[in-house]
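Chain by chain, the residues:
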Amino acid sequence: IKWDHEVLFQHHERLEQECKECKLKYQEALYSAQQKSNMQNMKLERKLDQVKIEGEKSSAVLSQILIKADVDLDSVDQSIVVDVVADKNNKVKMLNDELSRIKDAHVTMRKRYSCLVDKHLGNKS
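Reading the values: the criteria
- Residues numbered from 1 in each chain as written.
- Predicted model: local features only at pLDDT ≥ 70, side-chain atom pairs only at ≥ 80, totals over all residues.
- Heavy atoms only, no water.
- Helix = DSSP H or I, 4+ residues; strand = E, 2+ residues; numbered from the N terminus.
- Buried < 20%, exposed > 50% of the residue type's maximum accessible area, 1.4 Å probe, protein only.
- Contact = heavy atoms within 4.5 Å.
- Areas by Shrake-Rupley, 256 points an atom, 1.4 Å probe, with all protein chains shown as cover.
- Phe/Tyr/Trp six-rings, centres within 6.5 Å; stacked < 30°, edge-to-face > 60°.
- Expected span 1.5 Å × (residues − 1).

(A) Expanded view of the overall build of the protein. A count of helical and extended segments in the protein gives 2 helices and 0 strands. Considering the protein as a whole, with its 125 residues, one finds that 15% of them fall into the buried category. Expressed as a percentage of contacts within the protein between residues at least 6 apart in sequence, the contacts between residues at least 24 apart total 95%. Carbon and sulfur atoms make up 56% of the accessible area of the protein, which amounts to about 10,400 Å² in all.

This is the structure we're talking about:
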């Protein structure tokens, strides 16, 4: 009986060690995914900021050119300006949509990870 108890005890310790190792692997994978997701978010936010800055610069340059050319801003064909602004707005919207999609994927990944950890820990108990 002592021998059986010792065998079972060692098996239990081995399983606990495996559980700890799996948990560490899951955490490392989660942290890695979080870092990648955060980097993607930062890149998209930078792109969005750059697009906004470029749009503002373009508007300022256009205004200065029109002023130096002594063109009445009211007489400028507004459809061209509207088209440019609409194009810039579409780019900003696309970047915002991509950022939103990545954030949603990150949330989904975290939920899946949580379920896997719960499932794994539930099987080991």
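This is not the end of the story, as more comes after the structure.
(B) Broad picture of the packing of aromatic side chains. With the rule as written, the count across this model stands at 1 aromatic pair. Here Tyr26 and Tyr113 contribute two aromatic rings whose centre-to-centre distance is 5.9 Å and whose plane-to-plane angle is 75°, an arrangement assigned as edge-to-face. With a gap of 87 residues between them, Tyr26 in helix 1 (residues 2–68) and Tyr113 in helix 2 (residues 78–124) connect regions that are remote in the sequence. Judged by its relative accessible area of 24%, Tyr26 is partly exposed.

(C) Just helix 1, in detail. Compared with the 99 Å implied by 1.5 Å per residue over 67 residues, the 98 Å span of helix 1 between its first and last C-alpha is a close match. Within helix 1, burial applies to Cys19, Leu30, Gln34, Ser37, Asn41, Leu44, Leu48, Val51, Gly55 and Leu66.

(D) Representation of the side chain of His106 in the model. In this structure, His106 sits in helix 2. With near-sequence residues (within four places) excluded, His106 lies in contact with Ala33, Gln34 and Ser37.

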